[in-house]
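Each chain, letter by letter, is given below.
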Amino acid sequence: MIRSILITKSKNDKGVLYDYCLSQNIAIHYHSFLTFKQVNLPETQTSNVLFFSSKRAVDYFLQQTEISENTTVACIGESTKQHLNAKGIEVNFVGNNPGQPESVSKELAKWLGEKSCTIVLAKESKKSILNHLNPSTSNICVVYETYIHSKKIDQTFDCIVFTSPSNVEGYLKENKIHENTRIIAWGETTKKYVQALQLPVWKTLKMAKEEEVVFLISKKQ
């Protein structure tokens, strides 16, 4: 049974998991071990397609420039699509499994054909989305960088949801994972990072959404 959860997100970004835990009397703790800083755009992007790797990538890009009318927009998954739509931006490609960037890379490569593409992302990104793209027609645009801030948390949890490799690193700088704690990875990239540390991953999200976490923990109650 899961009665306490840590998720490495800011409480300002809380979603349905928070509401579910309150309704089920599950102790939920939101804490991000990261802060972010804008990286100035080196030049205007001229690719046919702009691909946004996250909602944060959208925000840092739009803080510096606009998307030209003749540019097609693509993104990693449904959550980022909704974020773009809320800003009045139409999205023409959406990855089906945002928690599996390797899979999205294959989808995107097929959809792009001969079109050029710029991937908007963080400086620390693993850049998995580029794996199946044509290197002669694709490039990256770094719009922000991540800083890790460790913090001692004097509490153990039945379940920890790690939302990124950087958050895993931030947590482990001053904390240990109890042997009975179940780890949920927010996608394949985070899963691989956790497993490389010889830690067991209980479940890995495919869609990278809090609804998935709710489904998983509801089965353990």
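In this text the structure is predicted, and so the values were computed from the model without any measurement. (Residues numbered from 1 in each chain as written. Predicted model: local features only at pLDDT ≥ 70, side-chain atom pairs only at ≥ 80, totals over all residues. Heavy atoms only, no water.)

## Details of the overall build of the protein chain
Right, on to step 1. Helix and strand counts for the protein chain stand at 7 helices and 11 strands.
Right, on to step 2. The C-alpha radius of gyration computed for the protein chain amounts to 18 Å, which stays within 12% of the reference 17 Å derived for 221 residues, consistent with globular compactness.
Right, on to step 3. Referenced to the eigenvectors of the C-alpha coordinate spread, the extents of the protein chain come out at roughly 50 × 30 × 30 Å.
Right, on to step 4. Here the protein chain holds 221 residues, and 43% of them are scored as buried.
Right, on to step 5. Sequence separation of 24 or more characterises 54% of the internal contacts of the protein chain that already satisfy a separation of 6 or more.
Right, on to step 6. With an accessible surface of roughly 11600 Å², the protein chain has 44% of that area assigned to carbon and sulfur atoms.
Right, on to step 7. Taken together, the 27 basic and 22 acidic charged side chains of the protein chain have centroids lying 6 Å from each other. (Helix = DSSP H or I, 4+ residues; strand = E, 2+ residues; numbered from the N terminus. Rg over C-alpha atoms; globule rule 2.2 N^0.38 Å. Buried < 20%, exposed > 50% of the residue type's maximum accessible area, 1.4 Å probe, protein only. Contact = heavy atoms within 4.5 Å. Areas by Shrake-Rupley, 256 points an atom, 1.4 Å probe, with all protein chains shown as cover. Lys, Arg positive; Asp, Glu negative; His and termini not counted. Charge placed at Lys NZ, Arg CZ, Asp CG, Glu CD.)

## Here's the deal with the packing of aromatic side chains
Right, on to step 1. Taken as a whole and assessed by the stated rule, the structure comprises 7 aromatic pairs.
Right, on to step 2. Between phenylalanine 36 and tyrosine 144, the ring centres sit 5.7 Å apart and the planes meet at 75°, which makes this aromatic pair edge-to-face. Separated by 108 residues along the polypeptide, phenylalanine 36 in strand β3 (residues 34-38) and tyrosine 144 in strand β8 (residues 138-148) bring together distant segments of the chain.
Right, on to step 3. You can call phenylalanine 36 partly exposed: its relative accessible area is 25%.
Right, on to step 4. Classification of tyrosine 144 by relative accessible area gives buried; the value is 7%.
Right, on to step 5. Measuring from centroid to centroid gives 5.6 Å for phenylalanine 162 and tyrosine 171, while their planes differ by 70°, and the two rings are edge-to-face.
Right, on to step 6. On the basis of relative accessibility, which here comes to 3%, the residue tyrosine 171 falls in the buried class.
Right, on to step 7. Members of the aromatic cluster, connected to one another through ring pairs, are Phe33, Phe162 and Tyr171.
Right, on to step 8. Its end group placed over the ring of phenylalanine 36, arginine 56 keeps NZ or CZ at 3.6 Å from the ring centre. (Phe/Tyr/Trp six-rings, centres within 6.5 Å; stacked < 30°, edge-to-face > 60°. Lys NZ or Arg CZ within 6 Å of the ring centre and 35° of its normal.)

## Comments concerning the pattern of salt bridges
Right, on to step 1. Applying the stated criterion to the full structure yields 4 salt bridges.
Right, on to step 2. Glutamate 210 serves as the salt-bridge partner of lysine 9, at 2.9 Å between the closest nitrogen and oxygen. Placement of the pair is lysine 9 in the loop between β1 (4-7) and α1 (16-23) and glutamate 210 in helix α7 (residues 210-218), with a sequence separation of 201 residues. You'll find lysine 9 and glutamate 210 in the same group, each marked buried. (Salt bridge = Lys/Arg side-chain N within 4 Å of Asp/Glu carboxyl O.)

## Some points on helix α4 (residues 101-112)
The periodicity of an α-helix, 3.6 residues per turn, causes residues three or four positions apart to be oriented the same way.
Right, on to step 1. Between the first and last C-alpha of α4 there are 16 Å, a value that for 12 residues agrees with the 16 Å anticipated at 1.5 Å per step.
Right, on to step 2. In this structure, the buried side of α4 is in contact with β4 (49-52), β5 (72-75), β6 (93-94), β7 (117-122) and α6 (188-196). (Expected span 1.5 Å × (residues − 1).)

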